[in-house]
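Inside the fold
Take a look at the letters that make up each chain.
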Amino acid sequence: MTDQTPAPKFDTLAVHAGATPDPSTGARITPIYQTSSFVFNDADHAASLFGLEAFGNIYTRITNPTQAVLESRIAALEGGTAALAVASGHAAQFLVFHTLMEPGDEFIAGRQLYGGSVNQFNHAYKKFDWNVAWADSTDPASFEAAITDKTRAIFIESIANPGGVIVDIEVIAAVAKKAGIPLIVDNTMASPYLCKPFEFGADIVIHSLTKFIGGHGNSIGGIIVDGGKFDWLGAKHRYKTMVEPNESYNGLVIAETFGDFAFAIACRVMGLRDTGPAIAPMNAFLILNGCETLPLRMARHCENALAVAKHLSQHDKVEWVNYAGLPDNKFYGLHQKICPKGAGAVFTFGVKGGYENGVKFVGNLNLFSHLANIGDTRSLVIHPASTTHRQLTSEQRDLAGAGDDVIRLSIGIEDKVDIIADLDQALAGC
Ligand SMILES: *Cc1c(COP(=O)(O)O)cnc(C)c1O
């Protein structure tokens, strides 16, 4: 054996990273450790676990072996040092900010975000006095302009909602670095198969595992991945959770003790321990299974999405198509830079005839499911104006990219001939 074995490639990691046959039974697939708690060897063992002097399982709110495999797998796929899997994408975001922010602090977010994140930032965080400043993800200078003394982080999506926007992570990472603050990237829409934000200078990556990584529309989950490069101890701002002696752990300083995976540890032992959004072992298991075929599914999702986008862009009942994979799209250049393997599976188009035909079109579809999700094996559709953005005025909807004629598709992995046939028959009836 030499130690020059090349590092396994992405597709191999997607199947194997973090998993070995179960040591006690030989089970080849990672078991569902459906237990709330774990027996201590003796009192000293218990004391060392509670004092964070040894790693081990205590209670499934904090760690669980099925969850641990999922965490190692996604950390390996993203190229991070460690990860923390939690109950949902929104819980992942919450724990990241819970670790970084104090009352009165600010962060900057690109306004092209998943609608639920906009709500979380605008409303839920107000109760903690964590204040969001909005910038334009297509204009890196707008982030720099929004920085103040109180700014503690920048948050963007790699491929941004509602689809079609590709964000220049590298340029925004440079803005964050200059300000001495971490860049957080929600990589849900791209998945690590299409984009690895750490390679462009991101410090923290989060995912909704509910979408492409789990991939089968059967479980909710989220994850925080620590890039391991941010210098908490040398940072110009004091991130208290990271650098102050911790009373609940005998004065331990997390950034000193845990080095390049300190952020993931802080989110777990302070955030998750105290606020509680743990992932169910069953969900961790289902998402792990989904993860094994991530590269195969993403390649097919993107191939199908490109074929559908091309077809729609030539259709006489279609006003416009916004998919970065089309060479005449304004984000085509950034697609080549940020996610050259594909522009993702979620995009929007405009149906001629506005609101009325938007509703009619969705009603005519058979293969597509009309629902509020993305990243399933199945093709999905939503008409935001009559559903998620219904309460807004027509003007507000336009501003949010959810105008009356906008249809959002999440293209599945079915045969593209059937996907296109379903769209054609639905458009014919408009
Ligand atoms: C779905 C989603 C979230 C929220 O994740 P949940 O698992 O639903 O909590 C966050 N960001 C993006 C981009 C999403 O698509």
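The notes below deal with the structure included here. As the structure is a computational prediction, the values presented were derived from the model and not from experiment.

We now examine the sheet that holds strand 12 (residues 369-370). Strand order across the open sheet formed by 5 strands is 10-11-14-13-12, with mixed pairing between neighbours. A single partner strand is all that each edge strand has here, and the edge strands are strand 10 (318-322) and strand 12. Of the pairings in the sheet, the one linking strand 12 to strand 13 (residues 380-382) comprises 2 bridges and is parallel in character. Paired with serine 369 across the two strands is leucine 380, which belongs to strand 13. Sheet contacts for helix 13 (residues 294-313): strand 10, strand 11 (346-351) and strand 14 (406-410); angle to strand 11, the most-contacted strand, approximately 15°. Sitting on the sheet, helix 15 (residues 354-364) is in contact with strand 11, strand 12, strand 13 and strand 14, with an inclination near 125° to strand 11.

This part is about the pattern of salt bridges. As a working rule, side chains carrying opposite charge can pair if their charged atoms are close by. Per the stated rule, a full pass over the model turns up 10 salt bridges. Between lysine 337 and glutamate 170 there is a salt bridge; the shortest N-O distance is 2.9 Å. Within this pair, whereas lysine 337 is found in helix 14 (residues 332-338), its partner glutamate 170 is found in helix 7 (residues 169-179), the two being separated by 167 residues in sequence. Overall, lysine 337 belongs to the partly exposed group, its relative accessible area being 32%. Classification of glutamate 170 by relative accessible area gives partly exposed; the value is 40%. Among the charged side chains, a salt-bridge network with shared partners connects Asp168, Glu170 and Lys337.

Cut-offs applied
- Residues numbered from 1 in each chain as written.
- Predicted model: local features only at pLDDT ≥ 70, side-chain atom pairs only at ≥ 80, totals over all residues.
- Heavy atoms only, no water.
- Pairing = 2+ DSSP bridges.
- Helix = DSSP H or I, 4+ residues; strand = E, 2+ residues; numbered from the N terminus.
- Contact = heavy atoms within 4.5 Å.
- Axes fitted to C-alpha atoms, helices over the stretch in contact; angles between N-to-C directions.
- Salt bridge = Lys/Arg side-chain N within 4 Å of Asp/Glu carboxyl O.
- Buried < 20%, exposed > 50% of the residue type's maximum accessible area, 1.4 Å probe, protein only.

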